[in-house]
Amino acid sequence: MMSVVMKAVLAFTMICCGSFFIVDLNQSPSHVQASEEKELLIPEKPLELTIKLKRVYIDGEESEETLTETIWALEDFWAKYEKWRLVDMSEDYLVFEKKVNDISPLSKMNGYFGITEDGTLSIFNGKPEESDIIQSFFQIDVKKLESKQHQELLQGIPVKSKKDFDKVVETMKKYEVKKEL
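Only a predicted model underlies this, so the values are computations on that prediction, with no experimental measurement involved. (Residues numbered from 1 in each chain as written. Predicted model: local features only at pLDDT ≥ 70, side-chain atom pairs only at ≥ 80, totals over all residues. Heavy atoms only, no water.)

1. Things to note about the pairing of strand β5 (residues 85–89)
In step 1: Two elements, β5 and strand β6 (residues 93–100), share four bridges in a ladder whose sense is antiparallel. Across the sheet, the residue bridging to Met89 is Leu94, located in β6.
In step 2: Between β5 and β6, which pair antiparallel one after the other, the connecting turn spans three residues. (Pairing = 2+ DSSP bridges. Helix = DSSP H or I, 4+ residues; strand = E, 2+ residues; numbered from the N terminus.)

Put into structure tokens, the structure is as follows:
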């Protein structure tokens, strides 16, 4: 007997390929017969799948949301997630991932650029001197920084938007320590 996920993937493949079959989803794929009428058997009951949605933000933060989907029409289901990439699946769940061209909600609320003791540009969850690192970027030659820039990084530069994020990373790139090969 085929798993629910395998039934969904088989049906999705048939839809994507433009091949429609009358299918008894409880039989193995070798029993699938092409139909002259090109119809798809509508299931008597909906599929229930656990879906994990993983968002990856430009600041390195990731968020994950888990939900249960009741699927009556696979075409509608796949259309709903067309902007997502299927990255994993098992008997119990599907995992979709999306790269988000923005900073994470955590960084918007409480993110601060700062530097670690070794001079690595990082985003902290809160002020640099008292918080955990969310994401590290590259090491800065702190001797080349203006004293004002160095002081701002020690105190923390708030990251409230993607524009702020891009501006700080671009400015600090000039001071990146280049690693010799």
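2. Here we look at the sheet that holds strand β8 (residues 120–125)
Working definition: the strands of a sheet are paired by backbone hydrogen bonds and lie parallel or antiparallel to each other.
In step 1: Strand order in this open sheet of four strands is β9-β8-β7-β10, and the pairing throughout is antiparallel. Since the sheet does not close on itself, it has two edges, and those belong to β9 (132–139) and β10 (157–158), each with one partner.
In step 2: Sheet topology places β8 next to β9; five bridges connect them, and they run antiparallel. In the sheet register, Ser122 faces β9, and the bridge partner there is Ser136.
In step 3: Here helix α4 (residues 147–155) sits on the sheet in contact with β7 (111–115), β8 and β10, set at roughly 125 degrees to β7.
In step 4: Along the sheet face, helix α5 (residues 162–173) touches β7, β8, β9 and β10 and points at about 40 degrees away from the line of β9. (Contact = heavy atoms within 4.5 Å. Axes fitted to C-alpha atoms, helices over the stretch in contact; angles between N-to-C directions.)

3. Quick word on the environment of Lys54
In step 1: Structurally, the position occupied by Lys54 is in strand β3 (residues 47–57).
In step 2: The partly exposed category is assigned to Lys54, whose relative accessible area is 23%.
In step 3: Separated by 43 residues in sequence, Lys54 and Glu97 have C-alpha atoms that sit 4.6 Å apart.
In step 4: Here Lys54 is in contact with Glu62, Ser63, Glu64, Trp84, Phe96, Glu97 and Lys98, once residues within four sequence places are set aside. (Buried < 20%, exposed > 50% of the residue type's maximum accessible area, 1.4 Å probe, protein only.)

4. Points about the sheet that holds β5
In step 1: In spatial order, the strands read β4-β3-β6-β5; together these four strands make up an open sheet with mixed pairing. Because the sheet does not close on itself, it has two edges, and the strands there are β4 (62–71) and β5. Between one strand axis and the next, the sheet turns by 25 degrees as a mean value, whatever way the strands run.
In step 2: Two elements, β3 and β6, share eight bridges in a ladder whose sense is parallel. Within β6, the residue paired with Thr50 across the bridge is Tyr93.

5. Some points on the side chain of Glu69
In step 1: Tracing the backbone through its elements, the reader meets Glu69 in strand β4.
In step 2: Separated by 2.7 Å, the side chains of Glu69 and Lys80 make a polar contact.
In step 3: Leave out the neighbours within four places in its chain, and Glu69 touches Leu47, Glu48, Leu49, Ile51, Phe77, Lys80 and Tyr81. (Polar contact = N/O pair within 3.5 Å; in protein donor to acceptor, adjacent residues only side chain to side chain.)

6. Points about the packing of aromatic side chains
In step 1: Under the definition given, this model contains eight aromatic pairs.
In step 2: Note on Phe113 and Phe165: the rings are 5.8 Å apart at their centroids and 35 degrees apart in plane angle, and the pair reads as tilted. Note that Phe113 is positioned in strand β7 and Phe165 in helix α5, a separation of 52 residues in sequence. For the pair shown, Phe113 and Phe165 are each scored as buried.
In step 3: Its end group placed over the ring of Tyr93, Lys52 keeps NZ or CZ at 4.5 Å from the ring centre. (Phe/Tyr/Trp six-rings, centres within 6.5 Å; stacked < 30°, edge-to-face > 60°. Lys NZ or Arg CZ within 6 Å of the ring centre and 35° of its normal.)

7. A few points about the pattern of salt bridges
In step 1: In the structure shown here, the tally under the stated rule is 10 salt bridges.
In step 2: The shortest N-O distance in the salt bridge between Lys162 and Asp166 comes to 2.9 Å. With Lys162 and Asp166 both in helix α5 and four residues apart, the pair spans about one turn of that helix.
In step 3: Residue classification places Lys162 among the partly exposed positions, given a relative accessible area of 25%.
In step 4: Several salt bridges share partner residues, and in doing so they unite Lys54, Glu62, Arg85, Glu97 and Lys99 into one network. (Salt bridge = Lys/Arg side-chain N within 4 Å of Asp/Glu carboxyl O.)

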